[in-house]
Amino acid sequence: MLYRREFLKFLAGSPLLANAALSSNAFGQSALEQSAFGQSATSLAFSRPPVNAAEALDVFDMRAVASSVVPPAHWGYMMSGVDGETSLRANEEAYQRYQLRVRRFVDVSKMDLSCTLFGANYASPIIVSAVGGQGAYHPEGEIAVARAVKARNHVMMLSTSTSHPIEHVNEARGQPVWFQLYTTDKFEFTTKLVQRAEQSGSSVVCVTIDRAAGRNMETATRFLRVDRRVCTSCHGPTGSDRAGRPMFSEIELDTNELTSPRLTWEFINRLRDVTKMKILIKGLETREDAALAIKYGADGIIVSNHGGRSQDSGRGTLEGLAEIVPEVKGRIPVIVDGGVRRGSDVLKAMALGATAVGIGRPYLWGLGAFGEAGVNRVLEIMNAELRLAMGGVGARTLKEISPANIMRKPA
Ligand SMILES: Cc1cc2nc3c(=O)[nH]c(=O)nc-3n(C[C@H](O)[C@H](O)[C@H](O)COP(=O)(O)O)c2cc1C
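Residues numbered from 1 in each chain as written. Predicted model: local features only at pLDDT ≥ 70, side-chain atom pairs only at ≥ 80, totals over all residues. Heavy atoms only, no water.

Observations concerning the pattern of salt bridges
Part 1 of the reasoning: Enumeration according to the criterion identifies 16 salt bridges in this entry.
Part 2 of the reasoning: For Arg 147, the salt bridge goes to Glu 140, with nearest N and O atoms at 3.8 Å.
Part 3 of the reasoning: Here Glu 140 falls in the partly exposed class, since its relative accessible area comes to 34%.
Part 4 of the reasoning: One salt bridge connects Asp 227 with Arg 229, and the closest N-O pair in it is separated by 2.8 Å.
Part 5 of the reasoning: Look at Arg 229 and you get partly exposed, because its relative accessible area is 34%.
Part 6 of the reasoning: By sharing partners, the salt bridges in this structure join Asp 58, Arg 342 and Glu 385 into a single network. (Salt bridge = Lys/Arg side-chain N within 4 Å of Asp/Glu carboxyl O. Buried < 20%, exposed > 50% of the residue type's maximum accessible area, 1.4 Å probe, protein only.)

Things to note about the site of the ligand
Part 1 of the reasoning: The local shell around the ligand holds 24 residues, among which Ala 130, Ser 159, Thr 208, Asp 337 and Arg 341 are the closest.
Part 2 of the reasoning: Between the ligand and Asp 337, the relevant distance is 2.8 Å, taken from an oxygen atom to a side-chain nitrogen or oxygen of the residue.
Part 3 of the reasoning: Expressed as a share of its isolated accessible area of 600 Å², the protein-covered part of the ligand is 98%.
Part 4 of the reasoning: The set of elements that each furnish at least two residues to the shell around the ligand consists of helix H4 (72-79) and helix H15 (361-393).
Part 5 of the reasoning: In the shell around the ligand, the residues fall into eight nonpolar, 11 polar and five charged. (Near = heavy atom within 4 Å. Polar contact = N/O pair within 3.5 Å; in protein donor to acceptor, adjacent residues only side chain to side chain. Areas by Shrake-Rupley, 256 points an atom, 1.4 Å probe, with all protein chains shown as cover. Helix = DSSP H or I, 4+ residues; strand = E, 2+ residues; numbered from the N terminus. Nonpolar A, V, L, I, M, F, W, Y, C, P; charged D, E, K, R; others polar.)

A few points about the environment of Val 393
Part 1 of the reasoning: The topology assignment puts Val 393 in helix H15.
Part 2 of the reasoning: Residue Val 393 is classed as buried on the basis of its relative accessible area, which comes to 3%.
Part 3 of the reasoning: In the structure, Val 393 is positioned 292 residues away from Arg 101 in sequence and 6.2 Å away in space, judged by C-alpha atoms.
Part 4 of the reasoning: Sequence-distant contacts of Val 393, that is, excluding residues within four places in its chain, are made with Leu 100, Arg 101, Val 102, Arg 103, Leu 347 and Asn 405. (Contact = heavy atoms within 4.5 Å.)

A short note on the packing of helix H12 (residues 287-295) against helix H13 (residues 317-328)
Part 1 of the reasoning: Running from N to C, H12 and H13 cross one another at 35°; their axes reach a closest spacing of 8 Å. When you trace H12 past H13, the crossing you get is right-handed. From H12, Arg 287, Glu 288, Ala 290, Ala 291 and Ile 294 reach across to H13, where they touch Glu 323, Ile 324, Glu 327 and Val 328.
Part 2 of the reasoning: Among the residues making up the contact of H12 with H13, the classes are represented as five nonpolar, no polar and four charged. (Axes fitted to C-alpha atoms, helices over the stretch in contact; angles between N-to-C directions. Left-handed = near helix turned anticlockwise from the far one by under 90°.)

Thoughts on unusual backbone geometry
Part 1 of the reasoning: At Glu 85, a residue that is not glycine, the phi angle is positive and equals roughly 65°.
Part 2 of the reasoning: Mapped onto the elements of the fold, Glu 85 is located in the loop between H4 and helix H5 (86-96).
Part 3 of the reasoning: We note that His 306 has phi near 65°; this positive angle belongs to a residue other than glycine.
Part 4 of the reasoning: Summarising the element assignment, His 306 is placed in the loop between strand S9 (300-303) and H13.

Focus: the environment of Asp 210
Part 1 of the reasoning: For Asp 210, the location among the structural elements is in the loop between strand S7 (204-208) and helix H9 (218-226).
Part 2 of the reasoning: Residue Asp 210 is classed as buried on the basis of its relative accessible area, which comes to 5%.
Part 3 of the reasoning: In sequence terms Asp 210 and Gly 283 are 73 residues apart; their C-alpha atoms lie 4.9 Å from each other.
Part 4 of the reasoning: Beyond its immediate stretch of four places on either side in the chain, Asp 210 contacts Lys 282, Gly 283, Ser 304, Asn 305, His 306, Ser 310 and Gln 311.
Part 5 of the reasoning: In terms of polar contacts, Asp 210 uses its side chain to reach the side chain of His 306, at 2.7 Å.

Side note on H4
Part 1 of the reasoning: The element H4 is extensively covered by neighbouring structure, given that seven of its eight residues are classed as buried.
Part 2 of the reasoning: Taken as a whole, H4 has its buried residues at Pro 72, Ala 73, His 74, Trp 75, Gly 76, Met 78 and Met 79.

Re the packing of helix H6 (residues 141-152) against H15
Part 1 of the reasoning: Between H6 and H15, the shortest axis-to-axis distance is 8 Å and the interhelical angle comes to 10°. Classified by the interaxial angle, the pair formed by H6 and H15 is roughly parallel. Counted together, Gly 141, Ala 144, Val 145, Arg 147, Ala 148, Val 149, Ala 151 and Arg 152 of H6 and Tyr 363, Leu 367, Gly 371, Glu 372, Val 375, Asn 376, Leu 379 and Glu 380 of H15 form the full contact between these two elements.
Part 2 of the reasoning: Of the residues in the contact of H6 with H15, the class split is nine nonpolar, three polar and four charged. (Parallel < 35°, antiparallel > 145°, perpendicular 65-115°, else oblique.)

Details of the nonpolar core
Part 1 of the reasoning: Counting residues in hydrophobic clusters, the biggest one holds 108 residues, and the most contacted among them are Met 156, Trp 178, Leu 181, Ile 301, Leu 321 and Tyr 363.
Part 2 of the reasoning: The element best represented in this core is H15, accounting for 14 residues.
Part 3 of the reasoning: Structurally, this core is a two-domain feature, drawing no fewer than three residues from each of domain 1 (2-87) and domain 2 (98-217 + 231-408).
Part 4 of the reasoning: Apart from residues lying up to four places away in sequence, Met 156 is in contact with Val 128, Glu 142, Val 145, Ala 146, Val 149, Val 169, Val 177 and Trp 178. (Core = buried A, V, L, I, M, F, W, Y, C linked by side-chain atoms within 4.5 Å. Domains from an automatic or database assignment.)

A look at the side chain of Ser 260
Part 1 of the reasoning: Inspection of the secondary structure assignment puts Ser 260 in the loop between helix H10 (231-235) and helix H11 (266-274).
Part 2 of the reasoning: You can call Ser 260 buried: its relative accessible area is 2%.
Part 3 of the reasoning: Here the side chain of Ser 260 touches Asp 185 through a polar contact of 2.5 Å, side chain to side chain.
Part 4 of the reasoning: Here the side chain of Ser 260 touches Arg 262 through a polar contact of 3.0 Å, landing on its backbone nitrogen.

Re the confidence of the model for the protein
Part 1 of the reasoning: A residue-level look at the protein finds 88% of positions with pLDDT of 70 or above and a mean pLDDT of 89.
Part 2 of the reasoning: Scored below 50 in pLDDT, residues 1-7 makes 15 contacts in the model with residues more than four places away or belonging to other chains.
Part 3 of the reasoning: For residues 9-37, every residue scores under 50 in pLDDT, and the model assigns this stretch 49 contacts once sequence neighbours within four places are set aside. (pLDDT = per-residue confidence, 0-100.)

Structure representation (structure tokens):
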């Protein structure tokens, strides 16, 4: 396909894949595909991308497959950070600065990854973080994700900008999801969104507050330029169908920006007046803001920089977690997301005090690659990796994970 060829040509010059040449190997696999495939340099020469979800060995295998089937504009939007993408890289790099401190002669024959959050039990502390418009990666989008989440009993956080209505997603999940809230300047829209989520059974609302200042997504824009498809043919006359998204079916949305630059902490008080749901604040990164969140009665904090998609030149969210946990002192759950790619990353975050850990792009890679089966396999892989990492440090339950399980890598 033409757009794919142009896309590959573009990627060859992209900082994302700076070292990729476009020559094929003995197996007919382009260097580009090889470079995107697998994480271990030694595995590349004898590798081919997985042909089904079960063959994927890690989330990077899923990324390789997804990169070849998801259209360029959608792929670019998913992978994009902001500006020079230092925050995006910092998220993943932060995990590399910690090493595991293994322990021996501990009976790890029985492992338990189960996790309780707001009175509900889940099989794992890995949360499927909110991602808007998942129909861009697979036609079944959030429904496929919900089915996989149901099979593995994880928390699913559904974006305001979902491609499928919350009522359908809850049905596929088999229980109500957590609702992620975007706000505009009109509080009546917020009220309608929150009340709809509550009526559908949701008991947790996650207010995303990290995009108030706007953002500049260069990678997304560059990929858009090489996509030959016509946006308006799928996204309506403006090329963006925000107002047409299912959560806005009863709202006359008058803006394309699902954020407000005017938000202040008072918003939490107003929200409390219109809902009984637990209120989590998504997008905090400092101890000062954690203290304010507690002051304003938040029920939980999600340490997040939107996957490096809000401000650039930021820290990895793991660094934010490390300063927020001592401030919170166990009073409310602290969840972190951004850059989590391995089960060992989950362990590191929990050793630093996270109650649970969110993933975004890894499950999108599974979704783009193989739909529901891909998401299911991503969760299976990451849980298996977490189990191995916990066994290695002698922690049999989440409660047994402690700061002694990790150490900062010597400089
Ligand atoms: C394509 C994409 C869309 C996203 N959409 C939303 C959204 O609608 N609401 C939200 O709160 N966060 C959104 N996020 C941020 C995620 O919830 C999460 O914080 C982030 O993906 C975690 O980083 P990771 O992708 O490195 O795992 C989005 C992230 C991506 C990659």
